[in-house]
Amino acid sequence: MTWEELERAAKGCARCALCETRTNLVFGVGVRDADVMFVGEGPGENEDLQGEPFVGRGGQLLDVMLKIIDLDRRRNIYIANIVKCRPPKNRDPLGTEQEACIGWLRAQMELVRPKIVVCLGRIAAQVLIRPDFRISQEHGRFFDVGGVQYTALYHPAALLRDPRKKPDTFVDLKNLQARIREIAPGTYERS
Ligand code: URA
């Protein structure tokens, strides 16, 4: 399947009830052949309105975090979410919604073929790394999943709620940058 076919099919999706309340399906943003892919949980209000992941306050913080390690959503990474439509009142996506939606992310991953996947927050880590993933204990560690390196950072919204988590995230970001230089150096050669 091509990117265009995939995006068109996703935008017509009615696999769960979230399609009834969405303004826009939030497909993804960034470089479609990036070596590094970031995965969040699901769109919030601003993302639903604009059709792009991480454009609210959390998104602004994410952009700052990315800049610290010379990453940029339009230059050298791809960003998507576990669920593509906004859960009402920003509740966590239900297991049934995640199951209905995950095929779109898997298809995106097959097209991007990232070397490193960075989960943003607990929900993405539990879906992509391990169901019992403990973000407070395992953030920043790397896990080999089928030959791809997976790691998780605290979600930007969690950092906004509890800035005491920021120093740990700074360390995690610098370790991520080192891993990118080691196994995906092309990331830093894009202009
Ligand atoms: N939070 C997420 O997990 N994803 C977004 O796209 C926005 C906020």
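Residues numbered from 1 in each chain as written. Predicted model: local features only at pLDDT ≥ 70, side-chain atom pairs only at ≥ 80, totals over all residues. Heavy atoms only, no water.

> Mind showing me how you'd approach the site of the ligand here?
Around the ligand, the neighbouring residues are Gly40, Glu41, Gly42, Glu47, Pro53, Phe54, Asn81 and His155. Within the backbone of glutamate 41, a nitrogen or oxygen atom sits 2.7 Å from an oxygen atom of the ligand. Glycine 42 has a polar backbone atom sitting 3.1 Å from a nitrogen atom of the ligand. Starting from 240 Å² of accessible surface for the ligand in isolation, the protein chains cover 89%. A majority-of-atoms criterion places the ligand in the largest pocket. (Near = heavy atom within 4 Å. Polar contact = N/O pair within 3.5 Å; in protein donor to acceptor, adjacent residues only side chain to side chain. Areas by Shrake-Rupley, 256 points an atom, 1.4 Å probe, with all protein chains shown as cover. 1 Å grid on protein atoms, 1.4 Å probe; cavity = no way out; pocket = protein on both sides within 12 Å on 5 of 7 lines; lining within 4 Å. Sits in = over half its atoms within 2 Å of the grid points.)

> Could you clarify how one ought to interpret helix H1 (residues 3-11) in this entry?
In an α-helix, one turn spans 3.6 residues, which is why side chains three or four residues apart end up on the same side. Where H1 is concerned, the buried positions are Trp3, Leu6 and Ala10. Looking straight down H1, one finds its buried side chains confined to an arc of 65°; they lie on one side. (Buried < 20%, exposed > 50% of the residue type's maximum accessible area, 1.4 Å probe, protein only. Helix = DSSP H or I, 4+ residues; strand = E, 2+ residues; numbered from the N terminus. Arc of directions from axis to C-beta.)

> Honestly, the side chain of glutamate 52 in this entry has me stumped. Any pointers?
Checked against the element boundaries, glutamate 52 lands in the loop between helix H2 (45-50) and helix H3 (57-68). On the basis of relative accessibility, which here comes to 17%, the residue glutamate 52 falls in the buried class. Here arginine 74 takes part through its side chain, which lies 2.9 Å from a polar atom of the side chain of glutamate 52. If we ignore the near neighbours within four places in the chain, the residues touching glutamate 52 are Val26, Val29, Glu47, Arg73 and Arg74. (Contact = heavy atoms within 4.5 Å.)

> Just checking my understanding: could you explain the pattern of salt bridges for this structure?
Side chains carrying opposite charge are able to pair once their charged atoms draw close together. Inspection of the entire model under this criterion finds 15 salt bridges. Here the salt bridges do not stand alone but share partners, grouping Glu4, Glu7, Lys11 and Arg32 into one network. (Salt bridge = Lys/Arg side-chain N within 4 Å of Asp/Glu carboxyl O.)

> Before we go on, may I ask you to explain a nonpolar patch on the surface in this structure?
Side chains of Val64, Ile68 and Phe170 sit close together on the surface and give an oily, nonpolar patch of about 260 Å² of accessible area. Turning to its location among the elements, isoleucine 68 is positioned in helix H3. You can call isoleucine 68 partly exposed: its relative accessible area is 37%. (Patch = residues over 30% accessible without salt bridge, like charges linked within 9 Å, V, L, I, M, F, W, Y side chains within 5 Å.)

> Sorry, what's going on with empty space enclosed by the protein here?
To find leftover empty space, a probe the size of one water molecule is rolled over the atoms. By the definition in use, this model includes one cavity of 30 Å³ or more. For the lining of the largest cavity, the class distribution of residues is eleven nonpolar, no polar and four charged. (Points joined across faces, edges and corners; volume = space filled by probe spheres on them. Nonpolar A, V, L, I, M, F, W, Y, C, P; charged D, E, K, R; others polar.)

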